[in-house]
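Listed below are the residues making up each chain.
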Amino acid sequence: MLWETVKDKSSDDLKKCSLDFPNEHMKIFNDPIHGHIELHPLLVKIIDTPQFQRLRHIKQLGGKYLVYPGASHNRFEHSLGSLVCVTTWHEQMSVKMFKHIVETLKKKNKDVLKEHGLNDKDVLFIEELIEGASTKGRGEDKSFLYEIVANKLNGIDVDKWDYFARDCHHLGIQNSFDHLRLMKFARVCKVKDKMNDNCWRYHICFRDKEADNINEMFRTRYTLHRQAYQHKIGNIIEIQFSKALIEADRDLHKDKPEDMFTISAAIKNVAEYTKLTDGIFEQILSSSSPYLKNAQNTLNRIFLSRELPKFVGEARIMEENKYKKMLEKLNKTWKEAVEKYNGTNPAVPLNADHFSIYVVDLDHGMKGKKTFSNIYFYSKRDNKNASCIEDYQVSSLLPDNFSEELVRVYCDTTDGKVVEEAEKCFKEWCKSNFGLTCNIIFYEDKFFQGNHYKCSCDHPNLNVSQLKCCSSIYVESGTWLLYEKSDYTGVKYVLTRGEYPNFQLWKDPKDLCSVKMHSDTSSKFEIHLYEKEEFEDPVYETTVDCLSVESKFGIKEVRSCRVINGVWKLYEGCDYAEPSYPLQEGEYRNPTSWGANNPAKSFKLE
């Protein structure tokens, strides 16, 4: 149990913390994810406030229900679900909204908190839980409580547990993370500070055997973002929603009283913000105001005719740049690419002003940091002490990077010929690393020592005669193909961004090789799969990793495939179980063609 290692609590404290009240005081809700939920009467009073009830009218996944028909659930259900994951307050409400709720309840009954054994310090504690802030409300001895609702330490909190289960249910996406099991193996331990051996702090810790389950939690988060939350059509719908709201912001309340808030100003006033729900779209559409024609036209294009900007292409960004700086660069180089593009159809010119570029950030939940760096585990033999574990102790298949950025281009015309030309232009732009500089450096000695030669373009006959040999390579930016022979012939090697401190590929160091930029950044990474050899139908196309082809596609195994784009690694077992085989672009008619005796059951991008 989480509480059993925390000493010196009075029975009243324990009663308050556990909310262990008589059953006759509890109200029961029936939830499709968690079943029957028992909630304390004070929680019910909060649920019955206008601030909480408004959540019934706000879609949990925004405009994604226009892409996934089942994703029409609301934030109200998620709020209740978060309450049941740990019997406490709903963390999605802002501190301002919570204060307003408390004020509303106090106006009806000034002793409402006192009647339930609470005081202003408890209110402060709840505000801190929402913000994931300091420990003034409870103190250092209960610091682990701040890891339950909004966990700033390692991202493991009840908010994720509920929306993973709920969103996967409504989206039809498999959820391989088991939060109920993880709760069974959670306990509070006193953990030594990493930077100071004399400093200790209470943390929620987990049994070491639950590392795989936690890894699935982060993987599920990535999958939901990749397939749903950052869906290419869902995102552009929400961008159009924002456009309509901006267009309506000034004129929605035109000719109304001067003290009436605009949409943008309402967020500064809690009472007005409470009135803002998804119903605002109906309010705009049904208005007879002549000032709202632009906003109405935008919404009608979304809801009625589905006239959305056309998706041109998507690619992973290999550079490590900050979002804003990267977006500025990409806008500039895309405009240049469009202006320089010599189309295959002269009758269909491209206009750079007709395109929009967006950068989407995807990660495992900790902004690119290693997911296990701040998670503490205890063992079966010693459940009093806990410590972090290394990545290799979890799995040798953990990725080196835990975040990535995607660049997406949309076109605001519905002309199919223009979109077709734009797609071709996009592929050329991607092959040039989005117009950004690509650099690879060859060093004479190992570990990047000695004379060096920097290359930023293709070389069919790479001349590095000033180097006696090449013993290490640093890929500064971009992805490169190295060949053992000139004119891009012989054995090929793919080098992504990173260091190669001892990299001897060729027999004769004087005649190094040929090198060119890799085209794997073109529109999207893609692989076509077949259950039978020789590409017999049906074909299954995908652009994302797959833990099990049986659970994802309903087939037992892969016996042939075509790698359309990217470098993919096929595994003979599910969950990336070795042995594995890296596949570059091309056709593989049977397992023998990729060097295996057995078919593949899982795969992922190299």
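An unreviewed UniProt entry annotates the protein chain as Deoxynucleoside triphosphate triphosphohydrolase SAMHD1-like protein of Labeo rohita. Per UniProt, the comment on the protein chain under Sequence similarities (unreviewed entry) is "Belongs to the beta/gamma-crystallin family."

I156, L171, F206, I214, I375 and F377 are the most contacted members of the largest nonpolar core, which has 37 residues in total. Of all the secondary-structure elements, those providing two or more residues to this core are α7 (120-131), α8 (158-171), β3 (186-192), β4 (200-207) and α10 (211-229). The dominant element in this core, judged by the number of residues it contributes, is α10, at seven residues. Here F377 is in contact with F206, R207, D208, E210, A211, I214, F372, N385, A386, S387 and I389, once residues within four sequence places are set aside. Of all hydrophobic cores here, the second largest spans 27 residues; its members include I317, A337, F355 and V418.

Among the eight residues of strand β5 (residues 310-317), six are classified as buried, and the element is accordingly described as predominantly covered. Where β5 meets strand β8 (residues 403-411), seven bridges bridge the pair, whose relative direction is antiparallel. Bridged to F311 within β8 is Y410.

Strand order in the open sheet formed by three strands is β5-β8-β6, with antiparallel pairing between adjacent strands. Each edge of the open sheet carries a strand with a single partner, namely β5 and β6 (355-363). Neighbour to neighbour, the strand axes of the sheet diverge by 20 degrees on average, direction disregarded. Sheet analysis places β6 next to β8, joined by nine bridges and oriented antiparallel.

Turning our attention to unusual backbone geometry. Residue P579 follows E578 across a cis peptide bond; omega there is 5 degrees. Mapped onto the elements, P579 comes out in strand β20 (residues 577-583). With a phi angle near 55 degrees, R306 is a residue other than glycine that sits in the positive phi range. Of note in the backbone geometry, F448 takes a positive phi value of approximately 65 degrees without being a glycine. With respect to the helices and strands, F448 occurs in the loop between β9 (439-445) and β10 (449-455). Relative accessible area serves as the criterion here: at 22%, F448 is assigned to the partly exposed category.

Here we take up the side chain of E128. Mapped onto the secondary structure, E128 falls in helix α7. Exposure remark for E128: the relative accessible area of 3% places this residue in the buried category. A distance of 2.5 Å separates a polar atom in the side chain of E128 from a polar atom in the side chain of Y146.

In this section: helix α11 (residues 232-249). An ideal rise of 1.5 Å per residue puts 26 Å on 18 residues; α11 measures up with 26 Å between its terminal C-alpha atoms. Here the buried face of α11 lies against α10, α12 (263-266), α14 (279-286), α15 (293-303), β6 and β8.

As summarised here, the arrangement of the four strands in space is β10-β9-β11-β14, forming an open sheet in which the pairing is antiparallel. Each edge of the open sheet is held by one strand with a lone partner, namely β10 and β14 (498-500). Put simply, the sheet's adjacent strands are angled 20 degrees from each other on average, direction ignored. Where β9 meets β10, five bridges bridge the pair, whose relative direction is antiparallel.

Rules and cut-offs
- Residues numbered from 1 in each chain as written.
- Predicted model: local features only at pLDDT ≥ 70, side-chain atom pairs only at ≥ 80, totals over all residues.
- Heavy atoms only, no water.
- UniProt positions renumbered as here; feature names shortened; annotations may be inferred.
- Core = buried A, V, L, I, M, F, W, Y, C linked by side-chain atoms within 4.5 Å.
- Buried < 20%, exposed > 50% of the residue type's maximum accessible area, 1.4 Å probe, protein only.
- Helix = DSSP H or I, 4+ residues; strand = E, 2+ residues; numbered from the N terminus.
- Contact = heavy atoms within 4.5 Å.
- Pairing = 2+ DSSP bridges.
- Axes fitted to C-alpha atoms, helices over the stretch in contact; angles between N-to-C directions.
- Polar contact = N/O pair within 3.5 Å; in protein donor to acceptor, adjacent residues only side chain to side chain.
- Expected span 1.5 Å × (residues − 1).

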